[in-house]
Amino acid sequence: MEALIPQVVVCTDVRRDTPDVKTFRILTPDGKKPFVNIPGQCAMLSIPGVGEAMFSITSSPTNKEYMEFSIKKCGCLTEWLHMIEPGQQLTIRGPYGNGFPVDTALKGKDLLFIAGGIGLAPLRSVINYCRDNRADYGTIDIIYGSRSKDDLVDYKEIIDEWMNTPGVNVHLTIDREQEVWDGHVGFVPNYVKELNPDIKKTVLMCGPPIMIKFTLAGLKELGFEDTQIYTTMELRMKCGIGKCGRCNIGAKYVCKDGPVFRFDQLDELPNEY
């Protein structure tokens with residue numbers, strides 16, 4: 001029941017990551033994290049009188065000081081959120097969803113993270129969780145792409161921290177050539193096949209549907225099985241508790257059975273999913 005009751009929280013910091021993505025740091029009025037979560041879970045943020053929506057928690061549970069959300073401006077509520085300044089209040093409820101199996105199926109495995117655009121946001125919590133518990137996981141490869149260098153979310157953290165973590169290999173790409181970019185140019189699905197990752201790796205993937213479709217096809221060409229690949233589908237969540245039916249498809253509710261699924265579980269759902 002506690003997850004149904006909104007808590008008042010304070011936005012303590014706002015960071016602009018890209019022209020249309022901002023990261024919001026929140027705490028309770030007495031300076032604490034609003035609740036404990038696991039990587040991949042979501043929470044409902046609300047501006048009273050405007051609306052509420054589900055967003056991935058992008059900070060790692062290993063961060064005991066604050067909670068963060070990276071949010072792309074793409075609608076009425078997100079436009080209001082992008083106008084928030086430090087010190088303003090909003091409400092939160094959660095956490096919702098099942099999260100990634102960081103302490104079970106992923107433990108001890110070599111991991112491959114594949115993200116496109118704002119799709120890095122849900123994976124950031126898992127990546128930082130694995131970095132903070134480095135001894136529990138094998139090598140970590142991150143393939144991340146966006147339209148341009150300016151659209152790479154958390155670019156400073158990637159350059160300053162991820163690329164300097166032992167056992168972590170970061171591969172960045174942008175869709176089209178850019179004067180300020182001397183890295184790889186090309187779409188994520190093609191880059192994945194070009195890099196030819198070890199098929200023993202466990203894959204965690206998030207991004208635009210078209211990216212996921214072609215990346216999944218490419219991974220299968222390389223020899224990956226559906227049971228090795230996880231994704232998250234929080235965009236289909238509405239109420240978060242399995243009551244509104246917005247995310248229901250077949251026998252599954254994304255908010256209760258997901259939002260994290262293995263692709264063999266998605267194969268069991270009707271085609272319209």
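The model shown is predicted, which means the values in this text are computed figures rather than measured ones.

(A) View of helix H5 (residues 209-222). With 14 residues, H5 ought to run about 20 Å at 1.5 Å a step, and its terminal C-alpha atoms sit 20 Å apart, in line with that. Of all the residues in H5, the buried ones are Met211, Ile212, Thr215, Leu216, Gly218 and Leu219. Down the axis of H5, the buried set is contained in an arc of 165°. They therefore lie on one face. Exposed residues lying more than 90 degrees from the buried face of H5 are Pro209, Ile210, Lys213 and Glu221.

(B) Structural detail: the sheet that holds strand E2 (residues 21-27). What the six strands build is an open sheet, ordered E4-E3-E6-E1-E2-E5; its pairing is antiparallel. Looking at which strands have only one partner, the edges of the open sheet turn out to be strand E4 (51-56) and strand E5 (67-72). If you compare each strand with its neighbour and ignore which way they point, the axes differ by 40° on average. Strand direction decides the pairing type here: strand E1 (residues 7-18) and strand E6 (residues 89-96), joined by four bridges, are antiparallel. Counted as the bridge partner of glutamine 7 is isoleucine 92 from E6.

Reading guide: rules and limits
- Residues numbered from 1 in each chain as written.
- Predicted model: local features only at pLDDT ≥ 70, side-chain atom pairs only at ≥ 80, totals over all residues.
- Heavy atoms only, no water.
- Helix = DSSP H or I, 4+ residues; strand = E, 2+ residues; numbered from the N terminus.
- Expected span 1.5 Å × (residues − 1).
- Buried < 20%, exposed > 50% of the residue type's maximum accessible area, 1.4 Å probe, protein only.
- Arc of directions from axis to C-beta.
- Pairing = 2+ DSSP bridges.
- Axes fitted to C-alpha atoms, helices over the stretch in contact; angles between N-to-C directions.

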